[in-house]
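For reference, the chains in residue letters:
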Amino acid sequence: MPDEMAKLLRRVRSATGCDQRLDRDIARYLEDTPDRREDPPSYTGSVGACISLLQRVMPGWRWHVGFGPRGIMPYASLSKGTVRREAMASTVPLALLTALLEVRAEKR
């Protein structure tokens, strides 16, 4: 896993909510837009923004969100064919971003 991807994944895993700086870095890394506007979508704070990102950068992938086995932590899964990745986080957007970044890390 490239160092930049590993750092971004660690930051998403340790996030607890909305983080505009993290949103900018996600946009820069996943959408390959180094000169992206200063105010990217709130990926870390919006399920809708995460779904839109997922559809752009990983077309054809299915997603599911809910709560983990104990019903406490938000959960997200991504799947395509036989590949499936699941993640739990403090919020649904962060769970989606974690799963998305884990899949992307495995593909590189």
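Structural data are supplied above this passage.
Calculation rules
Residues numbered from 1 in each chain as written. Predicted model: local features only at pLDDT ≥ 70, side-chain atom pairs only at ≥ 80, totals over all residues. Heavy atoms only, no water. Helix = DSSP H or I, 4+ residues; strand = E, 2+ residues; numbered from the N terminus. Rg over C-alpha atoms; globule rule 2.2 N^0.38 Å. Buried < 20%, exposed > 50% of the residue type's maximum accessible area, 1.4 Å probe, protein only. Contact = heavy atoms within 4.5 Å. Lys, Arg positive; Asp, Glu negative; His and termini not counted. Charge placed at Lys NZ, Arg CZ, Asp CG, Glu CD. Disulfide = S-S within 2.5 Å. Patch = residues over 30% accessible without salt bridge, like charges linked within 9 Å, V, L, I, M, F, W, Y side chains within 5 Å. Areas by Shrake-Rupley, 256 points an atom, 1.4 Å probe, with all protein chains shown as cover. Salt bridge = Lys/Arg side-chain N within 4 Å of Asp/Glu carboxyl O. Core = buried A, V, L, I, M, F, W, Y, C linked by side-chain atoms within 4.5 Å. Pairing = 2+ DSSP bridges.

A. Quick look at the overall build of the chain. Helix and strand counts for the chain stand at four helices and three strands. What you see in the chain, going N to C, is helices and strands ordered as α-α-α-β-β-β-α. Computed over C-alpha atoms, the radius of gyration of the chain comes to 13 Å, within 12% of the 13 Å expected from 2.2 N^0.38 for 108 residues, which places it in the range of a compact globule. A principal-axis box enclosing the C-alpha atoms of the chain has dimensions of 40 × 30 × 25 Å. Scored against the burial criterion, the 108 residues of the chain give a buried share of 45%. Pairs at least 24 residues apart make up 40% of the contacts formed inside the chain by residues separated by at least 6 positions. In the chain, which carries 18 positive and 13 negative side-chain charges, the distance between the mean positions of the two groups comes to 5 Å.

B. Examining the state of the cysteines more closely. This structure, assessed with the given rule, holds zero disulfides. Sulfur of Cys 18: no disulfide; nearest cysteine sulfur belongs to Cys 50 and is 9.7 Å away. Relative accessible area serves as the criterion here: at 2%, Cys 50 is assigned to the buried category.

C. Layout of a nonpolar patch on the surface. Together, Ile 72, Met 73 and Met 88 make up a nonpolar patch on the protein surface, roughly 300 Å² of accessible area in all. Turning to its location among the elements, Met 88 is positioned in strand β3 (residues 83-88).

D. Representation of the nonpolar core. One finds Ile 26, Leu 30, Leu 53, Leu 78, Leu 97 and Leu 100 to be the most contacted residues of the largest nonpolar core, which totals 33 residues. For this core, the secondary-structure elements that each account for two or more residues are α1 (3-14), α2 (20-30), α3 (47-57), β2 (74-80) and α4 (92-107). The element best represented in this core is α4, accounting for ten residues.

E. Structural context of the pairing of β2. Among the seven residues that make up β2, six are buried, leaving the element largely enclosed by the rest of the structure. As judged from the six bridges shared by strand β1 (residues 62-67) and β2, these two strands associate in the antiparallel manner. In the sheet register, Trp 63 faces β2, and the bridge partner there is Leu 78. Hairpin connection, β1 to β2: the antiparallel pair is bridged by six residues, and Gly 71 has positive phi, about 75°. Sheet analysis places β2 next to β3, joined by six bridges and oriented antiparallel. When the bridges of β3 are listed, Tyr 75 appears paired with Met 88. Counting the residues in the hairpin turn of β2 and β3 gives two residues, including Gly 81, whose phi is positive at 60°.

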